[in-house]
Amino acid sequence: MNPAPNPLAGHVLIKEPPTMVSERVPPSEPAISATAAPPSKPSMVKAWVITLMLLASTLIAYLDKAILGLVAQPVMADLGLTATQFGTISTAASLLGPAVTLLFATVADRLPLKGTLFTLVMLWSLIQLPIFFAASAGMLVVTRLLLGAADAPSNSVMHSMAYSWWPNERRGLPAALLTTGASFGKLIFAPVLVVVIASLGWQYGFLSVAIMGFVWCVGWAFVGKTGPYAEPVAPRPAKKAAAEDSPEDPTAGTKAPLRSILLTGTFLGYLALFSSVGMLVMIVLTWLPSYFEAGLGFSAVTAGSLFGVPSITSVIFLFAYGAWGDRALKRGVPARLVRTLIGGGLAMGGGLSLMALPLVDGVALPMALLMLGYGLSTSIYAIANPTLAQITPPAQRTGVLSLGLALSGLIGVPGPVLAGMVLDAAKASSDSPADGYTGVFLLAGVIVLIGGALFALLANPERDALKVEAARAARAARTS
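Residues numbered from 1 in each chain as written. Predicted model: local features only at pLDDT ≥ 70, side-chain atom pairs only at ≥ 80, totals over all residues. Heavy atoms only, no water.

## Digging into the overall build of the protein
Here's step 1: If you tally the helices and strands in the protein, you get 23 helices and zero strands.
Here's step 2: Looking at the protein as a whole, 55% of its 480 residues qualify as buried.
Here's step 3: Looking at the protein alone, contacts between residues at least 24 apart form 84% of all its contacts between residues at least 6 apart.
Here's step 4: Accessible surface computed for the protein: about 19,000 Å², of which carbon and sulfur atoms make up 70%. (Helix = DSSP H or I, 4+ residues; strand = E, 2+ residues; numbered from the N terminus. Buried < 20%, exposed > 50% of the residue type's maximum accessible area, 1.4 Å probe, protein only. Contact = heavy atoms within 4.5 Å. Areas by Shrake-Rupley, 256 points an atom, 1.4 Å probe, with all protein chains shown as cover.)

## So, the side chain of Asp64
Here's step 1: The residue Asp64 is located in helix α1 (residues 44–70) in this model.
Here's step 2: This buried residue, Asp64, is left without a salt bridge; Arg144 holds the nearest opposite charge, at 6.5 Å.
Here's step 3: A polar side-chain atom of Asp64 sits 3.2 Å from a polar atom in the side chain of Gln128.
Here's step 4: Other than its neighbours up to four places away in sequence, Asp64 contacts Trp124, Gln128, Arg144, Leu147 and Val209. (Lys, Arg positive; Asp, Glu negative; His and termini not counted. Salt bridge = Lys/Arg side-chain N within 4 Å of Asp/Glu carboxyl O. Polar contact = N/O pair within 3.5 Å; in protein donor to acceptor, adjacent residues only side chain to side chain.)

## So, helix α17 (residues 335–355)
Here's step 1: The terminal C-alpha atoms of α17 lie 29 Å apart, and with 21 residues this matches the ideal 30 Å at 1.5 Å per residue to within 8%.
Here's step 2: Within the sequence span of α17, burial applies to Ala335, Val338, Arg339, Thr340, Gly343, Gly344, Ala347, Gly350, Gly351, Ser353 and Leu354.
Here's step 3: Where α17 is buried, its residues contact α14 (265–295), α16 (309–330), α18 (364–378), α19 (384–390), α22 (433–458) and α23 (461–479). (Expected span 1.5 Å × (residues − 1).)

## Brief notes about the nonpolar core
Here's step 1: Among the nonpolar cores identified, the biggest contains 77 residues, and Trp287, Tyr291 and Phe292 are the most heavily contacted of them.
Here's step 2: Residue contributions to this core peak at 17 residues, all from α14.
Here's step 3: Apart from residues no more than four positions distant in its own chain, Phe292 is found in contact with Gly297, Phe298, Ala303, Leu306, Phe307, Met367 and Leu370.
Here's step 4: In this structure, Ile50, Ile127, Leu147 and Trp165 belong to the second largest nonpolar core, which totals 27 residues. (Core = buried A, V, L, I, M, F, W, Y, C linked by side-chain atoms within 4.5 Å.)

## Some points on the confidence of the model for the protein
When pLDDT drops low, the exact placement of atoms in the prediction is not to be read closely.
Here's step 1: Looking at the protein, the pLDDT average stands at 80 and 83% of residues meet or exceed 70.
Here's step 2: Low confidence marks residues 1–37, where pLDDT is under 50. Its contacts with residues over four positions away, or in another chain, come to 114 contacts.
Here's step 3: Taken together, the stretch residues 231–251 has pLDDT below 50 and engages in 11 contacts with residues farther than four places along the chain or on a different chain. (pLDDT = per-residue confidence, 0-100.)

## A closer look at the pattern of salt bridges
Here's step 1: Inspection of every chain in the model, using the stated rule, returns three salt bridges.
Here's step 2: With its nearest N and O atoms 2.9 Å apart, the salt bridge here joins Arg463 to Asp464.
Here's step 3: We note a salt bridge from Arg472 to Glu469, for which the minimum N-O separation is 3.1 Å. One end of the pair is Arg472 and the other is Glu469, both in helix α23 and three residues apart, which spans about a single turn.
Here's step 4: On the basis of relative accessible area, Arg472 is assigned to the buried category, the value being 13%.
Here's step 5: Overall, Glu469 belongs to the partly exposed group, its relative accessible area being 34%.

## Examining a nonpolar patch on the surface
Here's step 1: Together, Leu268, Leu442, Val446, Ile450, Leu454, Leu457 and Leu458 give the surface a local cluster of nonpolar side chains, amounting to about 560 Å² of exposed area.
Here's step 2: For the nonpolar patch, the element with the highest residue contribution is α22, accounting for six residues.
Here's step 3: Among the structural elements, Leu442 can be located in helix α22.
Here's step 4: When its relative accessible area of 32% is taken as the criterion, Leu442 is described as partly exposed. (Patch = residues over 30% accessible without salt bridge, like charges linked within 9 Å, V, L, I, M, F, W, Y side chains within 5 Å.)

## Some points on α18
Here's step 1: Taking 1.5 Å as the rise per residue, α18 with 15 residues should run 21 Å; its terminal C-alpha atoms sit 21 Å apart, in good agreement.
Here's step 2: Across the 15 residues that make up α18, a large majority, 11, are buried.
Here's step 3: All of the buried residues in α18 are Pro366, Met367, Leu369, Leu370, Met371, Gly373, Tyr374, Gly375, Leu376, Ser377 and Thr378.

## Quick notes on the packing of aromatic side chains
Here's step 1: Taken as a whole and assessed by the stated rule, the structure comprises 14 aromatic pairs.
Here's step 2: With centroids separated by 6.0 Å and ring planes inclined at 35°, the aromatic side chains of Tyr291 and Phe292 adopt a geometry described as tilted.
Here's step 3: By way of ring pairs, the aromatic residues Tyr291, Phe292, Phe298, Tyr437 and Phe441 are connected into one cluster. (Phe/Tyr/Trp six-rings, centres within 6.5 Å; stacked < 30°, edge-to-face > 60°.)

## A few points about the environment of Ala210
Here's step 1: For Ala210, the position within the fold is in helix α11 (residues 203–223).
Here's step 2: Note: C-alpha distance between Ala210 and Leu126 (84 residues apart in sequence) is 6.7 Å.
Here's step 3: Not counting residues up to four positions away in its chain, the partners in contact with Ala210 are Ser125, Gln128 and Leu129.

## Some points on the packing of α1 against α11
Here's step 1: Closest axis-to-axis distance for the α1/α11 pair is 10 Å, and the angle between their directions is 160°. With respect to α11, the axis of α1 lies roughly antiparallel. For α1 against α11, the interelement crossing comes out left-handed. Facing α1, whose interface residues are Lys46, Val49, Ile50, Met53, Leu54, Ala56, Ser57, Ile60, Leu63, Asp64, Ile67 and Leu68, α11 presents Gly205, Phe206, Val209, Met212, Gly213, Trp216, Gly219, Trp220 and Val223. (Axes fitted to C-alpha atoms, helices over the stretch in contact; angles between N-to-C directions. Parallel < 35°, antiparallel > 145°, perpendicular 65-115°, else oblique. Left-handed = near helix turned anticlockwise from the far one by under 90°.)

## Things to note about the environment of Gly344
Here's step 1: The residue Gly344 is located in helix α17 in this model.
Here's step 2: Taking the relative accessible area as the measure of exposure, Gly344 reaches 0% and is therefore buried.
Here's step 3: Note: C-alpha distance between Gly344 and Ile450 (106 residues apart in sequence) is 9.5 Å.
Here's step 4: Among all residues touching Gly344, those that are not within four sequence positions of it are Arg339, Gly452, Phe455 and Ala456.

## Brief notes about the packing of α17 against α18
Here's step 1: Two elements in contact, α17 and α18, have axes separated by 7 Å at closest approach and are oriented at 155°. Between α17 and α18, the angle is such that the two are roughly antiparallel. Judged by the twist between their axes, the crossing of α17 over α18 is left-handed. Residues Leu346, Ala347, Gly349, Gly350, Gly351, Ser353 and Leu354 of α17 lie in contact with α18, whose contacting residues are Leu369, Leu370, Leu372, Gly373, Tyr374, Leu376 and Ser377.
Here's step 2: For the contact of α17 with α18, the class distribution of residues is eight nonpolar, six polar and no charged. (Nonpolar A, V, L, I, M, F, W, Y, C, P; charged D, E, K, R; others polar.)

What follows is the structure, given as structure tokens:
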């Protein structure tokens, strides 16, 4: 399933000008400054080579986290762990991420993209090696903590590098590829890893993803390069900038009070939606292969091979909803309808589908409900970040999106532990393994249902954009 999602998909994290833009942010915001020289047109071959290398990095980032779910059953058996203890280990990967994301946002624009991404992937790979040489529960906790910290900045770096090779009007496909990279990872590489694990032992799964990372770093060292759409531009001095501002725009250059953004219904609804779906993704990442094996009766190899099946519907809904939403916004349909009401409704539909799992038997119906529920729920990644970006002044967008990501990630941290507690309770009451896992997805469905409902009720990007702009103008008037 999709990891913690690519939360900054569709946004360029570079200094202004050019401003950070989104494929789904209203077209009233220019992609580059009117005074900026147009960048030279890059080679399409080079642009696609870089994009595919970045896609490969998203696959590795996903597999670095997903490997824990693929080895859940043998790890619990070899190390004598309960489901709650294993869920706690999985949760460790999310503990440091929010704090690192916030810290990285303060220095992101001053770091070279190529070197930063090389360093992150190298760190992911090195962190996997101790498990191969000295596997223990404590080592798993430590390496998951470090992996979560090293992975936290990667989404923004990957997307910024990709967008440096594509003009604004052509960033949709690269954004979609990076957003769905985890799905490709599950479909293509998870079955291979499962065979390695079954043949050689679960420790070799960690070694395999480490080797993949090292190979990628070698290739990136030769072909990695920042594109022409990310030319560094030094910020204008404050006095000069003020003198150049148009008198018709007295608030230009003034930031809105942060509380005027954080207290909007849109931001609060974003937190509810993003954290609830993020919790579902973490639960699936940790426990889905175990559900297929212990709950539905598949072999370990088959269960791992089926790991990516629910992502098929996720990709379909993500691309379909994103493309339809873009067209609807271009026709003038309000974002309140396109993004919040329909997006919240899709999440609610996903939650209801997951809640129905305990009501069906067999294999086909549970698989169908799981695919539908996961696909509908994760389709909101097409609109969640653009909705928040719509109400945020461009100069503050990177920080606000990073803050939203950090807070929603922190809220979603308990997901795998709660799932483990449900599984242990089912085992203690002598319920069948399938009952425990369907109880987990029932809980996840309720959480996503509530998150979708709150998003639909609270978020109103048109209304809140006006409120934030009014607060920005008021601050400018007070300081002028």
